[in-house]
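# Descriptive structure summary
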Amino acid sequence: MSAITATEENATPRKGSGAPPVLLYRDVRKHFGAFIAVSGVSMEVRKGEVVCLIGPSGSGKSTLLRCTNGLELIDGGEIALDGELLPRNWEGMRRVRQRMGMVFQNFELFPHKTALGNVSIGPMTVLRLSRAEAEQRAKAMLDKVGLADKIASYPAQLSGGQQQRVAIARALAMEPEVMLFDEPTSALDPETIGEVLNVMKRLAEEGMTMIVVTHEMTFARHVGDWVVVMDRGAIIEQGPPEQIFDSPTVERTRDFLSHLGWSG
Amino acid sequence: MNFDWSVVWRNADVLVEGTELTILLAVTTMVIAIPGGILLALMRLSGVRALSSTSACFVELFRNLPLILVIYTAYYVLPVATGLSFSPITTAIVALSLNVSAYNGETFRAGIASIRQGQSEAAYALGMTRWQTTREIVLPQAVRRVLPVLASTWVSLFKDTSLVSVISVGELAYTSMRIRAQTYRVLEMLTAMAAIYWLLGYPQAKLVDWINRRYAVNE
């Protein structure tokens, strides 16, 4: 497995190595009809690590992320969370989902609820906290993403960056072990991308385990601990960011990065 | 042509009673037909074949039969089918509820289908069950979105209650027609009836407009 070789070759050991991985993917496959979205992906995510999934659109990054929390059920291979194989049924995956937070490209905040309502609904319905407890937790999470003054605002009254920060708070309120980010800044205006990336960076510094599907190469380079490059449903290269960005070994990685104007 | 408007004032008390019954019929029907419609919509969208085809058959049957036929049928069939005797008012409410539930079922189905998949996925991602997702996320948005349609169904229903006069339910239309038959004051009674329906209906339509503005979902 390339993940292991890369770690061994590297002078500084991969974060969290020694401990069993939080997430382990082995030969994961997913197709939609005749279209093969993910074809035999194997990788691992260690505790406290920020793994960035990069690659051209349609390369299967988002699908792999959605397979992780069971929004898509995999067709082959296996995914393990904390050494336990993920179930292949809806109800089993529902329980697993509570332990993973997800942030969507289009925020998907609930428009009929305030910021506070958006963040407290999960703890209230899923964790069965009382309204008071859930709202207290929600306030703390909104404070954490810098939106303590927006608790009574509806999504439509917030900027894109603020909405995405509420969405991050909503996921964090479930106290997840892993956070999944599906192109969290792709729908944002350039001037609000920074505020979302800063929140994510702080989260990473606090030791949150994160998988980030992103086109923000600067973020992947400087915040990522491990970078996975996908193309046409498969991993073509993975390694620490210095290796991927400064001396990619695979031709297609070089093409992809130069296409984005990445100069190394 | 001579008009004698005193016939209206002399019968004011029975007209008020008839009006009250009209309101009662419309309100009771809607109170039944809103949950009824939601239930039909959820059955239709459940993905369980038996439920969705039952719902589809119900909707297509009652949506495509003339209401007056449903009223007559309920009047003659209900006692025979159940072995119980029903008051004309109960029969009227059953018939109206069948009809309006069918319409509401289609309304809610369209409303639920209009909520994008990402909203459900966001709820699932938190670990919500399908039912929690429907109750907390999808339905509240769907209901707001279909409020204008529900409102126009309500306005139609309010007028359609007059059809149950054919089974001698003493609502506004039946009462007016009876006074007309007793006094031969046709134009006076038709005018009084029109005035009462309009005066009740118009503020409702305005109220509905206000509700739409108040509860509009901004995205």
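Structure: see above.
If you're wondering where the values come from, they're calculated on a predicted model, not measured in any experiment. (Residues numbered from 1 in each chain as written. Chains lettered and ligands numbered in written order. Predicted model: local features only at pLDDT ≥ 70, side-chain atom pairs only at ≥ 80, totals over all residues. Heavy atoms only, no water.)

### Observations concerning the sheet that holds strand β3 (residues 50–54) of chain A
Residue and element names in this part refer to chain A. Strand order in the open sheet formed by 6 strands is β6-β7-β8-β3-β9-β10, and the pairing between neighbours is mixed. Looking at strand neighbours, the two that pair on one side only are β6 (100–103) and β10 (234–239), the edges of this open sheet. For this sheet the average axis-to-axis angle between neighbouring strands, irrespective of direction, equals 15 degrees. Sheet topology note: the strand β7 (residues 178–182)/strand β8 (residues 209–213) ladder contains 5 bridges and is parallel. Residue pairing in the sheet places Val178 in a bridge with Thr209 of β8. In the packing of helix α6 (residues 160–172) onto the sheet, the strands contacted are β6 and β7, and the crossing angle to β6 comes to about 170 degrees. (Pairing = 2+ DSSP bridges. Helix = DSSP H or I, 4+ residues; strand = E, 2+ residues; numbered from the N terminus. Axes fitted to C-alpha atoms, helices over the stretch in contact; angles between N-to-C directions. Contact = heavy atoms within 4.5 Å.)

### Observations concerning the packing of aromatic side chains
Aromatic rings considered in pairs are described by the distance between their centres and by the relative angle of their planes. For the structure on display, the rule yields 7 aromatic pairs over all chains. For the pair Phe58 of chain B and Phe62 of chain B, a centre-to-centre distance of 4.9 Å together with 50 degrees between the ring planes defines the contact as tilted. Of this pair, Phe58 of chain B and Phe62 of chain B both sit in helix α3 (residues 49–63), 4 residues apart, which is roughly one turn of that helix. Arranged with centres 6.2 Å apart and planes meeting at 45 degrees, the rings of Trp154 of chain B and Phe158 of chain B form a pair that is tilted. Residue Trp154 of chain B and its partner Phe158 of chain B are both found in helix α7 (residues 130–160); the two are separated by 4 residues, about one turn of the helix. Residue placement shows Arg97 of chain A over the ring face of Trp90 of chain A; its charged tip is 4.3 Å from the ring centre. (Phe/Tyr/Trp six-rings, centres within 6.5 Å; stacked < 30°, edge-to-face > 60°. Lys NZ or Arg CZ within 6 Å of the ring centre and 35° of its normal.)

### Digging into helix α6 (residues 117–125) of chain B
Counting buried residues along α6 of chain B, 8 of its 9 residues qualify, which places the element largely inside the surrounding structure. Buried residues of α6 of chain B: Gly118, Gln119, Ser120, Glu121, Ala122, Ala123, Tyr124 and Ala125 of chain B, and no others. Summarising the contacts, the buried residues of α6 of chain B are in contact with α2 (61–68), α3 (90–97), β6 and α6 of chain A together with α7 of chain B. Residue Gly127 of chain B follows α6 of chain B closely and has a positive phi angle near 100 degrees. (Buried < 20%, exposed > 50% of the residue type's maximum accessible area, 1.4 Å probe, protein only.)

### A look at the nonpolar core
Counting 46 residues, the largest nonpolar core has Ile54, Leu142, Ile168, Met179, Phe181, Met200 and Met210 of chain A as the members making the most contacts within it. Counting residues per element, this core draws most heavily on helix α7 (residues 190–205) of chain A, which supplies 7 residues. Counting residues in hydrophobic clusters, the runner-up holds 42 residues, among them Leu65, Leu81 and Val228 of chain A together with Tyr124 of chain B. (Core = buried A, V, L, I, M, F, W, Y, C linked by side-chain atoms within 4.5 Å.)

### As for the interface of chain A and chain B
Each partner contributes to the interface: chain A provides 24 residues, whereas chain B provides 23 residues. Together, the buried faces of chain A and chain B total about 2,000 Å²; carbon and sulfur atoms form 63% of this surface. Where chain A meets chain B, there are 2 salt bridges. One salt bridge connects Glu108 of chain A with Arg116 of chain B, and the closest N-O pair in it is separated by 3.1 Å. There are 7 residue pairs in polar contact (both at pLDDT 80 or more) connecting chain A and chain B. Broken down by secondary-structure element, the contributors of at least two residues to the side of chain A that touches chain B are α3, β6 and α4 (115–125) of chain A. A breakdown of the residues in the side of chain A that touches chain B according to their chemical character gives 12 nonpolar, 5 polar and 7 charged. (Buried area = accessible area lost by both parts, 1.4 Å probe. Salt bridge = Lys/Arg side-chain N within 4 Å of Asp/Glu carboxyl O. Polar contact = N/O pair within 3.5 Å; in protein donor to acceptor, adjacent residues only side chain to side chain. Nonpolar A, V, L, I, M, F, W, Y, C, P; charged D, E, K, R; others polar.)

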